[in-house]
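Architecture and fold: a report
Here are the chains, one letter per residue:
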Amino acid sequence: MADTIEGTELQAADIAVIIGYFVAVLAVGLWSSLRNRGSVGGYFLAGRSMHWIPVGASLFASNIGSGHFIGLAGSGAASGIGIAVFELNAIFILMLLGWVFVPVYIASGVYTMPEYLRKRFGGQRIRIYLAVLALILYVFTKISADLYAGALFIRLSLNWNLYVAIIVLLVFAALFTIMGGLTAVIWTDFIQTIIMLIGAFILMIFSFIKVGGYSAMVEKFFSAVPNTTRYASVDYNYTQCGYPPDNSMHLFRAADDGGLPWPGIMFGLTISSIWYWCSDQVIVQRALAAKNLSHAKGGTILAGYLKILPMFLLVFPGMIARILYPDQVACADPDICFKVCGSRSGCTNVAYPLMVLKLLPQGLRGMMLAVMMAALMSSLTSIFNSSSTLFTMDIWRRIRRKATDTELMIVGRVFVCCLVAVGIVWIPIVQNFAELFHYIQAITSFLAPPVCAVYVLAVSWKRINEQGAFWGLMIGLVSGLARFIWEYVYTVPPCGEEADDLRPAIIKNVHYLHFGILLFGIVFIATIVISLLTAPISDKHLTRLTFAGRFDTGERVDIDESEREEMIEMEAGKDNEEVQNGKPLTKNVDASDVQLDVIEPQFPWWRRAVNWICGIEKMQGPEMSAAEKAAIEAKQTSIDEVPFWRRFWNINAIVLMTIAVFVWGFFY
């Protein structure tokens, strides 16, 4: 009988490390929150003043949440190094982000990805659809998955009540986001990235020492089976389920592989990765916060180098966990797995927590718990900030067209509180992680390809118009939902019970990544055909909105602006009428010629405290002149680069991709 996993009480040294972590992150968050307060650009895009190092660290930390610690290590324990292709693939897509997509986004001067599509295509239906879709995905996939993964670790480590642990973490994450905006998020991501890397590196060293080195790990992994498999009777149904697959040390696997088929990895995963890295608000917002294009490229380069590490820091320790604790991590019998970890679908997800609790000494256990908290906090703060940006800039401004900056700042923070409430309500669903994990993968794969196709076409070809993009998205949505509903009408039987599989061949044999390739092709072709059959968008509306036109210097007339020309002419007619009636118009005066004595209003202490929390205590001064605003906008939308730094980052991109190709080839 396998040993059950009991929570391990932490010692005083562990608690001290955890407290030190929270103090350090709070200090950094509060310090950074004071640097970019009092403006919408400062709260949502960190004033576009971030250095490439914190930008790159934030890109990495936003992606590597607690779900990666649990998921990558668990997948490594289950099937070897194959799961690392997700990390290696991301390196190449990060280069696309820095060299293709970000230049267009910066030149267009947008805050959010739906806003870019509104400027690119006009109208509001695409922008609103994608904003709502993104918010739904954030709340019911990213937040819920990371919450469960973090809570699993905390529950095993501290014996905390699951609800208490999740609520405390949610409150802390929301606190950073509400008080500091993206600047605090990026700087806390920076310190948390350092903590994550140090902690994971220490555990990796302990793991390899315990197992006897890399060669010993490879040799022992294939014989790491539970006793129920090793000593099973002839008629035992789950005998083969306890063995790791023969291709566990290969990244490229057969086209009919049930887990990671190579066509799906090469093409289907690339499609999903472009959606995630190049059009997802959480990721792109970090790159747009860079002070210029060179720093944005540098951030993607740093994130790319860091993406090489998870294979060594997370996947290999997960494989070692199977070697050291096979009866628990590699359990195959559903009844035994339920006794071990409370799940009938397997216990590989406890691989990383088990390594921390049983392998590390006190003090270091606390450090690794801090690492898991860091991963969870960085992921949640990133999602909270990006979600508030989407809601405020893409939805609220449609409801309140004349909303002031103060109102937008307050609404953004209130929406974060609403996300916290939804996250807490979602906790009972989160506990069933096995089904939720598969749900997340499926829904992402079915919804990502259409969005990816539209963004790729929008950036690369100006002939694509709003009708083609919108109806392409609708065709993709219907197709994806049809496959999703059809697939989940049936129940997937566990390993050893394949005889009970009632799924039709088209569902059972067509991998979701292969379906993603087909879905991308359908939307890609449909969008092009519909665009060619309808009227093109005038060039005056496309200035600096495509990759080919990113350096255009002409003035862009937004499509929505042209629709309001009649209203502007009517206002001009009113002004002329007032002049004829003897009512003088207000004279335009250069703000630089006027000296203003700003009188700070005296508010009661509670009002001043509320203003400080909402970041609007610095919004009481005189507004900038039109010339000052234009100068700032021109600087923030410039994609000019210093030749030295352009060549430096180009060389680094080539070196990084060469290293990635070598790693991929080495573990072919």
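Below, the structure is looked at part by part. As the structure is a computational prediction, the values presented were derived from the model and not from experiment.

What about the overall build of the protein?
A tally of regular secondary structure across the protein gives 29 helices and zero strands. Per-residue burial over the protein gives 55% buried out of 668 residues. The contacts of the protein with a sequence gap of at least 6 include a subset with a gap of at least 24, amounting to 84%. A total of about 29000 Å² of accessible surface is found on the protein, and carbon and sulfur atoms cover 63% of it.

Topic: empty space enclosed by the protein
It is the rolling of a water-molecule-sized probe over the atoms that shows where space remains empty. Enumeration over the complete set of coordinates arrives at four cavities of 30 Å³ or more. When its volume is computed, the largest cavity comes out at roughly 150 Å³. Looking at the largest cavity, it is lined by 14 residues, and the ones nearest its centre are Leu-130, Ala-134, Trp-275, Ser-279 and Asp-280. Every element with two or more residues in the lining of the largest cavity is listed here: helix 6 (113–121), helix 7 (125–158), helix 11 (262–279) and helix 21 (433–460). The leading source of residues in the lining of the largest cavity is helix 7, at five residues. Split into classes, the residues belonging to the lining of the largest cavity amount to eleven nonpolar, two polar and one charged. As a volume, the second largest cavity reaches approximately 80 Å³. Mapped onto the lining of the second largest cavity, the elements with two or more residues apiece are helix 8 (162–211) and helix 14 (310–324). Looking at the lining of the second largest cavity residue by residue, the classes come out as ten nonpolar, no polar and no charged.

Quick look at the state of the cysteines
Every disulfide links exactly two cysteines, by a covalent bond between their sulfur atoms. Within the structure shown, the criterion is met by one disulfide. Disulfide pairing is shown between Cys-331 and Cys-337; the S-S distance is 2.2 Å. Every disulfide takes its handedness from the sign of the S-S torsion; for Cys-331 and Cys-337 that torsion is 120 degrees, giving right-handed. Distance from the sulfur of Cys-452, which forms no disulfide, to the nearest cysteine sulfur (Cys-278) is 8.0 Å. A relative accessible area of 1% means that Cys-452 is categorised as buried.

Focus: unusual backbone geometry
Phi at Arg-544 takes a positive value of approximately 60 degrees, unusual for a residue other than glycine. Tracing the backbone shows Arg-544 in the loop between helix 24 (512–533) and helix 25 (559–563). The buried category is assigned to Arg-544, whose relative accessible area is 19%.

Quick look at helix 11
Helix length check: helix 11 (18 residues) gives 24 Å between terminal C-alpha atoms against 26 Å at 1.5 Å per residue, within 8%. The sharpest bend along helix 11 comes to roughly 30 degrees, located at Leu-269.

The rules behind each value
- Residues numbered from 1 in each chain as written.
- Predicted model: local features only at pLDDT ≥ 70, side-chain atom pairs only at ≥ 80, totals over all residues.
- Heavy atoms only, no water.
- Helix = DSSP H or I, 4+ residues; strand = E, 2+ residues; numbered from the N terminus.
- Buried < 20%, exposed > 50% of the residue type's maximum accessible area, 1.4 Å probe, protein only.
- Contact = heavy atoms within 4.5 Å.
- Areas by Shrake-Rupley, 256 points an atom, 1.4 Å probe, with all protein chains shown as cover.
- 1 Å grid on protein atoms, 1.4 Å probe; cavity = no way out; pocket = protein on both sides within 12 Å on 5 of 7 lines; lining within 4 Å.
- Points joined across faces, edges and corners; volume = space filled by probe spheres on them.
- Nonpolar A, V, L, I, M, F, W, Y, C, P; charged D, E, K, R; others polar.
- Disulfide = S-S within 2.5 Å.
- Expected span 1.5 Å × (residues − 1).
- Bend = angle between axes of the 7 residues up to and from the residue.

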